[in-house]
Amino acid sequence: MSKYSALSLIRHAFSNNKNWQLAIKDAEPKKSYDAIIVGGGGHGLASAYYLAKNHNLKNIAVVEKGWIGGGNTARNTTIVRSNYLWTEASLLYEKSLKLWEGLSQDLNFNVMFSQRGVYNLGHTLQDMRDIERRVSANKLNGIDAEVVDAKQIKKNIPSINTSTSARYPILGASLQRRAGVARHDAVAWGYARAAAQLGVDIIQQCEVTGILKSNNQVYGLETSKGRIESNKIGLVVAGHASVLAEKADFRLPLESHPLQAYVSEPLKPVLDTVVMSNAVHGYISQSDKGELVIGAGIDPYIGYGQKGSFCIIEHCMQAIMELFPCFSRVRMLRQWGGIVDVSPDACPIISKTPIEGLYINCGWGTGGFKATPGSGWVFAHTLANDEAHHLNAPFSLDRFSSGALIDEHGAAAVAH
Ligand code: FAD
Ligand code: PYC
């Protein structure tokens, strides 16, 4: 009989799970490592996994101040797409989307990637011109994209309100059919387990409190579990990137903002795709459990509280009710926030830093979940080779002094 039979499930239930095999062993820090990744979110864990898998580094640690996936990774609304405007961004997100398409097999862990399509709505003539332009640019880059009109939207999403008398009537949308959603915490667990199987130490409850350097070369970290040495360190701490950069005496052009999300009580299947509207500041999908998963624009103030303010909740609920009046009596179950690190051009920073051996991966703002596999892939390359992969070369820190910005505010899809 298979070890996963019903009987074994019952046995586990009555034994309070004490015979379950641990998916990831909690490691204690060794004195030194060949490479250390700070931050046990999806990006950090993916970076460690690809460092071990693609670059054959074996003595690697991931150092996480809380628990893996406890940051933005398991707080986001799980939208995955690659329909950005500029070639640099499109190619990076498309690399990621291609990795998503084989990720469950690669990690041998079901990340529940569901290519149910993403609609980015247009409500004004200018929105529609921008959509036409972005869809053309996507097609030129070999990325699937189409423009759909209000009639097609209504046919595909019967519950949506396409009335022309709405405050922001829906004129059309871009549709990326290969886009969709994934189970966010499974992404952290899947990468962590696969990385641990390749020998990576995953060290939780270990906060980095200082960055050690000498003659402009990094050589280790001060942490709540003591000093750990390495001359190759990657900082992958999302909303706390500026805090850690300050500890290494350099500054990042980032602002940290709360970004909120909400889930409703579970409903029967009613929405089999993802709908986003930048104009009304709301986006929505339905989870496999039946909950409506809803998100808003960022809270406008800078802050590190993982919650968010009431006026944004109200604004977002108005937006969703305008798009889907049929949800007006659905009860919301939970609300939370994450801290997103917003850069001036709404694009990430995946780069060497002014300190030798210290690398940074941040600035994903409201849109990094979709990039998790690709980000880990190129960041691992950057650490292993001490030079950027061709896909992240445009995303270096020095673009903020050279002026080679990649303005993705339009396609970032969440207002900031
Ligand atoms: P995190 O998961 O935040 O990982 C960083 C880790 O660093 C954390 O676990 C933190 O504890 C750790 N850390 C911080 N400081 C230290 C320290 N001093 N020492 C040790 N560890 C430290 N993106 C999309 O693509 N699609 C979406 O639909 C989407 N929706 C979103 C909705 C919300 C509400 C939020 C908040 C974000 C959303 N995002 C979305 C953005 C996305 O979640 C992030 O860009 C992405 O998860 C960043 O991943 P990460 O692994 O870098 O960050
Ligand atoms: O980047 O697609 C996105 C997104 C949706 C909601 C938050 N971010």
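For the structure, see preceding data.
Report follows, based on the coordinates. Being a predicted model, the structure only gives us computed values, none of them experimental.

Comments concerning the pairing of strand 14 (residues 274-277)
Right, on to step 1. Burial along strand 14 is two-sided: Val-274 and Met-276 and Val-275 and Ser-277, pointing in opposite directions, are all buried.
Right, on to step 2. The pairing of strand 4 (residues 118-122) with strand 14 spans three bridges and is parallel. By the bridge assignment for strand 14, Val-118 is matched with Val-274.
Right, on to step 3. Bridging between strand 14 and strand 15 (residues 282-286) involves three bridges; their strand directions are antiparallel. Across the sheet, residue Val-275 finds its bridge partner in strand 15, namely Ile-284.

A word on the packing of helix 3 (residues 87-101) against helix 10 (residues 372-385)
Right, on to step 1. As a packed pair, helix 3 and helix 10 sit with axes 7 Å apart at the nearest point and diverge in direction by 110 degrees. For the element pair helix 3 / helix 10, the angle class is roughly perpendicular. Of the residues in helix 10, those in contact with Leu-92, Lys-95, Ser-96, Leu-99 and Trp-100 of helix 3 are Thr-372, Pro-373, Gly-374, Trp-377 and Val-378.
Right, on to step 2. Within the contact of helix 3 with helix 10, the residues separate by chemical class into six nonpolar, three polar and one charged.

Some points on the packing of aromatic side chains
Right, on to step 1. Going through the model one piece at a time under the given rule, you end up with nine aromatic pairs.
Right, on to step 2. Residues Tyr-93 and Trp-364 carry aromatic rings whose centres are separated by 6.0 Å and whose planes lie at 85 degrees to one another, so their mutual orientation is edge-to-face. With a gap of 271 residues between them, Tyr-93 in helix 3 and Trp-364 in the loop between strand 19 (358-362) and helix 10 connect regions that are remote in the sequence. Trp-364 carries the same exposure label as Tyr-93, and that label is buried.
Right, on to step 3. Between Trp-100 and Phe-369, the aromatic rings sit 5.3 Å apart at their centres with planes inclined by 55 degrees, giving tilted as the arrangement. Taken together, the residues span a long stretch of sequence, with Trp-100 in helix 3 and Phe-369 in the loop between strand 19 and helix 10 at a distance of 269 residues. No difference in accessibility class separates Trp-100 from Phe-369, as the two residues are buried.

What counts and what doesn't
Residues numbered from 1 in each chain as written. Chains lettered and ligands numbered in written order. Predicted model: local features only at pLDDT ≥ 70, side-chain atom pairs only at ≥ 80, totals over all residues. Heavy atoms only, no water. Buried < 20%, exposed > 50% of the residue type's maximum accessible area, 1.4 Å probe, protein only. Helix = DSSP H or I, 4+ residues; strand = E, 2+ residues; numbered from the N terminus. Pairing = 2+ DSSP bridges. Axes fitted to C-alpha atoms, helices over the stretch in contact; angles between N-to-C directions. Parallel < 35°, antiparallel > 145°, perpendicular 65-115°, else oblique. Contact = heavy atoms within 4.5 Å. Nonpolar A, V, L, I, M, F, W, Y, C, P; charged D, E, K, R; others polar. Phe/Tyr/Trp six-rings, centres within 6.5 Å; stacked < 30°, edge-to-face > 60°.

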